[in-house]
Each structure stands twice: as structure tokens, then as C-alpha cells.
Amino acid sequence: MHEAPPPAPAPGPSSSAVPAEPLSHGLKQRHLTMLGLGGVIGAGLFVGSGAGIAVAGPAIVVSYLIAGALAMLVMRMLGEMSAAMPASGSFSVHAERALGRWAGFSVGWLYWFLLVVVLAVEATAAAQIAHGWVPGIEPWAWVLLFMVVFTAANLTAVKNFGEFEFWFASLKVGAIVVFLVLGVLAVLGLLPDTDPVGMANLTGQGGFLPNGWGGVVSGVLTVVFAFGGLEVVTIAAAETDDPARAVGRAVRSAVVRILFFYVGSMLVIVTVLPWTAQQAGLSPYVKVLDAIGVPSAGQIMNIVVFVALLSALNANLYGSSRMIFSLAERGEAPRGLLKVSRRTGAEGGVPRRAVLASVAFGFVSVLLNLLWPDTVFLYMLNSVGAVLLFVWALIAASQLRLRARLEQEAPEALSLRMWCFPYLTWVTLAGLFGVLLLMLTDEAARPQVLWSAGATAVVALVAVGRQWRERRGSA
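What this report covers is the structure whose coordinates are included nearby.

So, how was this worked out
Residues numbered from 1 in each chain as written. Predicted model: local features only at pLDDT ≥ 70, side-chain atom pairs only at ≥ 80, totals over all residues. Heavy atoms only, no water. Helix = DSSP H or I, 4+ residues; strand = E, 2+ residues; numbered from the N terminus. Rg over C-alpha atoms; globule rule 2.2 N^0.38 Å. Buried < 20%, exposed > 50% of the residue type's maximum accessible area, 1.4 Å probe, protein only. Contact = heavy atoms within 4.5 Å. Areas by Shrake-Rupley, 256 points an atom, 1.4 Å probe, with all protein chains shown as cover. 1 Å grid on protein atoms, 1.4 Å probe; cavity = no way out; pocket = protein on both sides within 12 Å on 5 of 7 lines; lining within 4 Å. Points joined across faces, edges and corners; volume = space filled by probe spheres on them. Nonpolar A, V, L, I, M, F, W, Y, C, P; charged D, E, K, R; others polar. Patch = residues over 30% accessible without salt bridge, like charges linked within 9 Å, V, L, I, M, F, W, Y side chains within 5 Å. Salt bridge = Lys/Arg side-chain N within 4 Å of Asp/Glu carboxyl O. Core = buried A, V, L, I, M, F, W, Y, C linked by side-chain atoms within 4.5 Å. Axes fitted to C-alpha atoms, helices over the stretch in contact; angles between N-to-C directions. Parallel < 35°, antiparallel > 145°, perpendicular 65-115°, else oblique. Left-handed = near helix turned anticlockwise from the far one by under 90°.

**Some points on the overall build of the protein chain**
Across its full length, the protein chain holds 19 helices and two strands. Here the protein chain has a C-alpha radius of gyration of 22 Å; the compact-globule value for 475 residues is 23 Å, and the two agree. For the C-alpha atoms alone, the extent of the protein chain along its principal axes is close to 75 × 55 × 40 Å. Counting over 475 residues, the protein chain shows a buried share of 56%. Restricting to contacts in the protein chain with at least 6 residues of sequence separation, those with at least 24 account for 80%. Put simply, the protein chain shows about 18500 Å² of open surface, and 68% of that area lies on carbon and sulfur atoms.

**Thoughts on unusual backbone geometry**
The step from Phe 421 to Pro 422 runs through a cis peptide bond, and the omega angle for that step is 0°. Mapping Pro 422 onto the fold places it in the loop between α17 (387–409) and α18 (423–441). Positioned with a positive phi, Ser 296 is a non-glycine residue whose angle comes to about 55°. Inspection of the secondary structure assignment puts Ser 296 in the loop between α13 (284–291) and α14 (297–329). Backbone geometry places Cys 420, a non-glycine residue, at a positive phi of 45°. Along the polypeptide, Cys 420 turns up in the loop between α17 and α18. For Cys 420, a relative accessible area of 54% corresponds to the exposed category.

**Let's talk about the layout of surface pockets**
To locate leftover empty space, one rolls a probe as large as a water molecule over the atoms. Of the voids in this model, the largest pocket is the one considered here, and its volume is about 1400 Å³. The set of elements that each furnish at least two residues to the lining of the largest pocket consists of α2 (43–46), α3 (49–56), α6 (101–133), α8 (158–188), α10 (212–223), α14 and α16 (376–383). For the lining of the largest pocket, the element with the most residues is α6, which contributes seven residues. Taken together, the residues that form the lining of the largest pocket break down as 30 nonpolar, 15 polar and five charged.

**Here we look at a nonpolar patch on the surface**
A surface patch of nonpolar side chains, amounting to about 780 Å² of accessible area, comprises Trp 140, Leu 144, Val 148, Leu 367, Leu 370, Leu 371, Trp 372 and Val 376. Of all the elements in the fold, those that place two or more residues in the nonpolar patch are α7 (139–155) and α15 (352–371). Positionally, Trp 140 belongs in helix α7. Assessed through its relative accessible area of 54%, Trp 140 is described here as exposed.

**What about the nonpolar core?**
If you look at the biggest cluster of nonpolar residues, it comprises 158 residues, and the most contacted ones within it are Phe 146 and Trp 392. Setting aside chain neighbours within four positions, we find Trp 392 in contact with Ala 71, Val 74, Val 224, Phe 227, Gly 228, Glu 231 and Leu 432.

**Some details on the packing of α7 against α15**
The N-to-C vectors of α7 and α15 enclose an angle of 165°; their axes lie 10 Å apart at closest approach. Relative to α15, the element α7 lies roughly antiparallel. For the element pair α7 and α15, the recorded crossing hand is right-handed. Contacts between α7 and α15 involve Trp 140, Val 143, Leu 144, Met 147, Thr 151, Asn 154 and Leu 155 on the former and, on the latter, Arg 352, Val 355, Leu 356, Val 359, Gly 362, Phe 363, Val 366 and Leu 370. Here the residues of the contact of α7 with α15 sort into 11 nonpolar, three polar and one charged.

**A closer look at the pattern of salt bridges**
Oppositely charged side chains are able to pair whenever their charged atoms sit close together. Within the structure shown, the criterion is met by nine salt bridges. Between Glu 470 and Arg 101 there is a salt bridge whose closest N-O contact spans 2.6 Å. Remark: Arg 101 occurs in helix α6 and Glu 470 occurs in helix α19 (residues 446–474); sequence separation between them is 369 residues. Take Glu 470: its relative accessible area is 36%, and that puts it in the partly exposed class. The exposure class assigned to Arg 101 is partly exposed, which follows from its relative accessible area of 28%. For Arg 466, the salt bridge goes to Glu 332, with nearest N and O atoms at 2.8 Å. With a gap of 134 residues between them, Arg 466 in helix α19 and Glu 332 in the loop between α14 and β2 (339–340) connect regions that are remote in the sequence. Under the relative-accessibility criterion, Arg 466 is labelled partly exposed at 21%. Its relative accessible area of 4% is what places Glu 332 among the buried residues. The structure contains a network of salt bridges with shared partners spanning Glu 80, Arg 403, Glu 407 and Arg 417.

Printed below as a string of C-alpha cells:
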């Protein structure tokens, strides 16, 4: 282990001003591409989509198109900045360069807190599935096993994380492709003992918009958070041999394919079965597979959801460790977290203390989830419920500032450009604030916005206070 050298100050956004990362470059393009594809294909899609269908009906397809378009625009902006200025802190570094240290500090710590809290939900949910298969082993023991395994994977070479995610994502993507093929064959009546379904389920039971456009809006609120996780691609890009090229390719391939998987899946589901057959909390994928005669559909989907949860746990542990490492690089977290493993090349440069710090807080979150799921942990979960939208808004605000500076100082660094700048950036910001306002009008979502806004305000005040004290000390 040795301490990474502090980064040189970056006076401007040009790529030449960006300090070299002390982390390893063990991730390959295939790792990054599959991380982009699999990063947001999780339990939120396989199970949570049922709640969206219940409120929007067949128009859930439109809800996913709107939410997916927002996510795609944010990723395009983030991809532009990350290709020009790759860094392990990704949008936290961009926010600092665009808006000031308070912004980089705030978004970095909020995102780290989000990942380590959600990590507890994923570990607990995966443990419940495993307990159902092997009742003799208690859920807490499964949680411990998962945390130990993925901690070990993240403490070794970064390529181990990449390999885990590559195969996890491959299984999830393969499962959706098979589902889409079976669904289309069922719609066309090409499966044994099936008749063509036609469009009856899209127009019956109240029509395509059974709950009106209000249902579509409610559907957006339900599904928009399922797209969280794409950001890890730009964090991981810093650990590839050619970060600018890698992140550009990953962003280009991921956003369109993810829209295809999400929207395509929803279209198959509401076409094969009436939307009224879906229930919140039950996987619509299982219902469709049961309806078309796939044996043991429930167990098959349980395996896929289990893999999706472990994949998200692994990615969140990786993302949180790199984010807190980047904060330490910039003096916004304890400098002791800058220790990296001594070995060189693809096998070295692992921020082990940053990994252990993230795991430690992850264990605390898991314990709170197991002991007080309806009180202490619920408050923690609410405090990060809308943080993703705040992070996306800061990404858009950062891109507005940095794009103009890049065009003046380093136009050659803009290998990936945001579409229709600055108009679509402003549209994205308006859309994100619109979602937050709609959440405030929703009784179930309101606590998440208020608690998340409170947490954001506290972190921002700490950041401003730190900056004020530093200025007074240097005066």
C-alpha cells in the first residue's frame, strides 16, 4: 500500500489540465459496455415495473419513454464531460470545476451516501431470495457472505469487479432478450398452443390511457428511479486504458439499447396480458412467462432478480469506493483514504481503504435495515429517495457551464457532444424539476423529496462552511 500523490490543481477544463489517476487501468471496453447495459437492469425493472403498470395501464410504455429520455439526455451530458475530462469522481469533479468546491463536495458525498444506503436494500433483498432456497441459513448469514465476497472482489484487481459485472450483465441482458423473443412470438401466435394476441390488450380495459395522462405522470414517478446506476459507467471509465474513447463508446451503446430493453419489455407485457392482470409487488415478467407456458417461470425470474441484486450490490460498492477516493484526492474526505495497493499495472492501484470505508458504512446500513427497517432505516432511505434527481440536475447545470468553457479552451476534447446544446440541457433541467414538483404533490413520494432536500441542504451548508473557514484561515 502507498499513498497516492495529491492531484495537481486544474486551472481549466482542458484535458491537459486533468491530473493522471493513480488508480489502475484494468477495465476493458467490454467491461464498460456491459456495465452500461446492465447497470440499470435490476429489480426495479423485473419487479418494480408492476407498480407502474398498475397506475398507468398500457401507457406505461409512454412513462418509460419519458423517464428513459430524461436518463438518456443526462447520460449524454455526463458522457460529454467525462470524455473530455475523465476522472474517478466523474460528475463530482465536473460539478467542482463548473460550480465551485461546494458543489463537488455536496454531490460527491450525497451520491456516496445514496450508494451505501441502497446497498443495504440490495443485500437484504438478495438474502431473502437465498433464504427461500436454503431455509437452513438465516438471511443475516447470507448478507454477511455477499458482503465478504464482493468486498474481496473489490479489494483485489479492478478487473475482478469488471469480470463480475460483465457476466452478471450478460445474464440479465440475455434474460431480457429471451423474454422479448418469446413475447413477440406469443403476440404473433407462433408458440405452441397459442393464438395471435393482436392489439386487444392495448385498447381494452379502459383503452391505452385508462387513467388518462395523470396515470402516465404517476407512471413516470414510479419508474424514473429505475434508470439510476448508469452514472457508474463514467466513474469506471477512469480505470480504462483510453478513458475518453471508452466512455464515449459505452454511453453511445448503452442509452439506446437500455431504452430498447425497457420500452420493449413493457410493450410486450401490456400486449400479451391485460394491464389489469398486473399487481404491484409481483413481477409482470413472471405473469407473462406463466401465461405463455414457460415452466417454473417464477423460479427462473427469481434467479434473474437474484443476479440483478448482486450485480447492483457489486456496482454500488465499486462506485461508492471510487467516489470517496475522488473526494479524498480533492481534500474533501480524509486523506488516509488515498492509500492504493502497491502493485503496478492492471493488478495494482486499488483504493483499498476507500473500499473498506464504503463497506463499513454499508454494514451499518444493513444492520439498521435488519434491526429497524420501519424507523431508523426508513428515514435514511427517505433521505436519499430523491437524491438521484438532485445529482442529475447538478450534472445538467455543470454541463451548461463546462461546455462553453471547453469550446473556448479545448474544443478538440469534445469528442462526444450533447445534442442541441443548450436547448436540450434546459429541457432536461425543466423536466427534472417538474418530476420533483410532481413528487411533492404525491402523498407517498412527498416524504422522499422533503427528507432528500433536507439532507442536501445539510451537506451543502457543511460544504459552504468548510469553504468559508478555509478562506478565513488563508486571509
